[in-house]
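Architecture and fold: a report
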Amino acid sequence: MLVSTRGRYALRVLADLKEHQEDGRIPLKDIARRQDISEKYLESIVKTLVDGGLLNGTRGRGGGYRLSPGAESRSVGDILRLAEGSLAPVACLVPCAEECPRKEVCPTLPLWRRLNGLVEGFLDGLALGDLLSEEAIDDAARHAALR
């Protein structure tokens, strides 16, 4: 599984806003500067996050972005699916994918299903609110490994 810059930057934007939430609405240019990401590229990512209900945005003087109520409880898996579309390690496990004609005889399918379950279990077990806590990340990894 390869998480694109779009997914990684979406998490960085949300982590930045969580870290600076006491500052009120944060202008996109401030996030872009702190995260060293192109403001133009962030515009499309932030639109996805707003459409997905994770951010509230206000335009104009005094405008900017902040986390939506309840955003901190959304799972990292949900956020990455919103940004990436899928977390599946192989095409045959992507939701709504055309069924693989080798599904019944594929010797590696159980491997990919197990990997998919581990990745999704880990990412779904970690909330945005936990993203800045190394302890919470370690706990989510331990829990996913026990499944």
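Here's what I pulled together on the structure shown here. The structure displayed is predicted, hence computed values, not measured ones.

Let's talk about unusual backbone geometry
Of note, Asp-36 is a non-glycine position whose phi angle comes to about 55 degrees, a positive value. Mapped onto the elements, Asp-36 comes out in the loop between α2 (28-35) and α3 (39-51). Exposure remark for Asp-36: the relative accessible area of 70% places this residue in the exposed category. One non-glycine residue, Cys-96, adopts positive backbone phi at about 70 degrees. Take Cys-96: it is sitting in the loop between α4 (76-84) and α5 (109-124). Note on Cys-96: relative accessible area 86%, which makes it exposed.

Conventions we followed
- Residues numbered from 1 in each chain as written.
- Predicted model: local features only at pLDDT ≥ 70, side-chain atom pairs only at ≥ 80, totals over all residues.
- Heavy atoms only, no water.
- Helix = DSSP H or I, 4+ residues; strand = E, 2+ residues; numbered from the N terminus.
- Buried < 20%, exposed > 50% of the residue type's maximum accessible area, 1.4 Å probe, protein only.

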